[in-house]
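In case you want the letters, here they are:
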Amino acid sequence: AKRRLGEATRAEPDEGGRFGLGLPAKGQWLGWGYTILFGLHSLWLLSGLLGTWAFGAWPYGSDAAYYFVGFSQTTALLIPQLFVSLVLRSAALRDRLSGTTFKTLNLSLLFSSVLLFVAEVVQSIAEGGVGFKMICAALTASLSTAALRKHGMPQLKLLDTLKAQASGEESNSLARAYTALCAIAVLGAVLNSLGSGLLAGWLKRLTTDPILEAHHFLTYSALLCAQAGSLLTLQSAAVVGAKRLASDTYQKLNLGGVLSASFTLLSFLWALKMKCKLAGVFCIGGLINLALLGVSFQGLYRGQEA
């Protein structure tokens, strides 16, 4: 009976998971939009993986390691973004975007698209032209805004959750871990956004050539917003319990966290091999991503075992 209950929970269609892998039906314009967005995010991730491989395999110049670190860290955050768009596409195909999970994910993508738009404007002013990311930002903003206008805004309670956990009211260790990681992602997005110019100037002092400009840090902040949305929804699922985490939606989001953290840690090791001197970044980033890997894997495992 327990096994049948677990199977029924996994097959629950209102989580927007594994069903509807084909093309959207006629008239499902949001479904078509998320399908296109998923394709764009896939291309962006593919280009990031190829770029990371190129910078790591054929380093050039004395600052090659810094190029590699900048490229690889952005690429790592493209992974959870891809899974978020996949989950939203699946939800749109069954008209399930009214759920709190999907409203939260849409809101995180809306914040992400705004920062991505700003990053592209800054880059166009500095370097000229409009890039691929502007298309992603425009489509993401259009889809997220349309979905939120139709289904309403989610009630975000991150600050209330942090207060409850600080006072000891929340005893679920996995939910507490998701909350902490979400707060770190939000803080990272804020700091990288507000300090993008300062960070770019600081990095120029370490290198002979401009490596990461302000728009790179803004892009990184945009992707952190998508990761924060994913972690916040996982926190809510963890509070409910393992059967909730067994849903295909949360399995996908946890898998995105595992792959992203693994990619980041491997890239740190390769950057050390390239004699990159950002020791402080590696220590802080390494600890955060080790925690992300452990928490996401635990959430994935609990869901599989439910």
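Computed from a predicted model, the values in this text were never measured in an experiment.

**Here we look at the overall build of the protein**
Along the protein, the regular secondary structure elements total 12 helices and zero strands. Helices and strands in the protein line up, N terminus first, as α-α-α-α-α-α-α-α-α-α-α-α. Within the protein, the fraction of its 306 residues that count as buried is 52%. The long-range share in the protein, meaning contacts at least 24 apart out of those at least 6 apart in sequence, stands at 79%. Surface summary for the protein: the accessible area is close to 14700 Å², and the carbon and sulfur share equals 66%.

**A look at the side chain of Glu-120**
As for its placement among the helices and strands, Glu-120 is situated in helix 4 (residues 100-127). Among the residues examined, Glu-120 registers a relative accessible area of 2% and is labelled buried. Residues within four places of Glu-120 in sequence aside, it is in contact with Val-130, Gly-131, Phe-132, Lys-133 and Met-134.

**Observations regarding the nonpolar core**
Among the nonpolar cores identified, the biggest contains 50 residues, and Tyr-34, Leu-88, Leu-97, Phe-102, Leu-105, Tyr-178 and Leu-253 are the most heavily contacted of them. Contributing elements (two or more residues each) for this core: helix 2 (29-57), helix 3 (64-93), helix 4, helix 5 (132-151), helix 7 (173-194), helix 9 (214-240), helix 11 (248-273) and helix 12 (279-305). Sort the elements by how many residues they give to this core and helix 9 lands first, with 11 residues. Beyond its immediate chain neighbours, meaning those up to four positions away, Leu-253 contacts Phe-83, Val-84, Val-87, Leu-105, Ser-230, Thr-233 and Leu-234.

**Here's the deal with the packing of helix 2 against helix 3**
Running from N to C, helix 2 and helix 3 cross one another at 160°; their axes reach a closest spacing of 8 Å. Taken together, helix 2 and helix 3 sit at an angle that is classed as roughly antiparallel. Where helix 2 crosses over helix 3, the two elements pack in a sense that is left-handed. For the contact of helix 2 with helix 3, the residue count by class is 18 nonpolar, 13 polar and one charged.

**Describing the environment of Leu-181**
Within the fold, Leu-181 resides in helix 7. Separated by 110 residues in sequence, Leu-181 and Ala-291 have C-alpha atoms that sit 8.1 Å apart. Apart from the residues lying within four places of it in its own chain, the contact partners of Leu-181 are Leu-231, Ile-288, Ala-291, Leu-292 and Val-295.

**With respect to the confidence of the model for the protein**
Of all residues in the protein, 83% attain a pLDDT of 70 or more, and the chain-wide mean is 84. Confidence drops under a pLDDT of 50 for residues 1-20, and excluding neighbours within four residues, the segment shows 39 contacts in the predicted structure.

**Focus: unusual backbone geometry**
Negative phi values dominate among residues other than glycine, just as trans dominates among peptide bonds. With phi around 55°, Asp-95 is a residue other than glycine that occupies positive phi space. Position of Asp-95 relative to the elements: it lies in the loop between helix 3 and helix 4.

**Brief notes about the pattern of salt bridges**
Opposite charge on two side chains makes pairing possible when the charged atoms of those side chains draw close. Summed over all chains, the structure comprises two salt bridges. Its salt-bridge partner being Lys-133, residue Glu-120 comes within 3.6 Å of it at the nearest N-O pair. With Glu-120 in helix 4 and Lys-133 in helix 5, this residue pair connects regions lying 13 residues apart in the sequence. Residue classification places Lys-133 among the buried positions, given a relative accessible area of 15%.

**So, the packing of helix 3 against helix 9**
One can describe the packing of helix 3 onto helix 9 by two numbers: an axis separation of 9 Å at closest approach and a directional angle of 40°. Relative to helix 9, the element helix 3 lies oblique. Helix-helix and strand crossings are classified by hand; for helix 3 and helix 9 the assignment is left-handed. Mapping the contact onto sequence places Gln-73, Thr-74, Leu-77, Leu-78, Pro-80, Gln-81 and Val-84 in helix 3 and Thr-219, Tyr-220, Leu-223, Leu-224, Ala-226, Gln-227 and Ser-230 in helix 9. Residues belonging to the contact of helix 3 with helix 9 are distributed by class as follows: eight nonpolar, six polar and no charged.

Cut-off values and rules
- Residues numbered from 1 in each chain as written.
- Predicted model: local features only at pLDDT ≥ 70, side-chain atom pairs only at ≥ 80, totals over all residues.
- Heavy atoms only, no water.
- Helix = DSSP H or I, 4+ residues; strand = E, 2+ residues; numbered from the N terminus.
- Buried < 20%, exposed > 50% of the residue type's maximum accessible area, 1.4 Å probe, protein only.
- Contact = heavy atoms within 4.5 Å.
- Areas by Shrake-Rupley, 256 points an atom, 1.4 Å probe, with all protein chains shown as cover.
- Core = buried A, V, L, I, M, F, W, Y, C linked by side-chain atoms within 4.5 Å.
- Axes fitted to C-alpha atoms, helices over the stretch in contact; angles between N-to-C directions.
- Parallel < 35°, antiparallel > 145°, perpendicular 65-115°, else oblique.
- Left-handed = near helix turned anticlockwise from the far one by under 90°.
- Nonpolar A, V, L, I, M, F, W, Y, C, P; charged D, E, K, R; others polar.
- pLDDT = per-residue confidence, 0-100.
- Salt bridge = Lys/Arg side-chain N within 4 Å of Asp/Glu carboxyl O.

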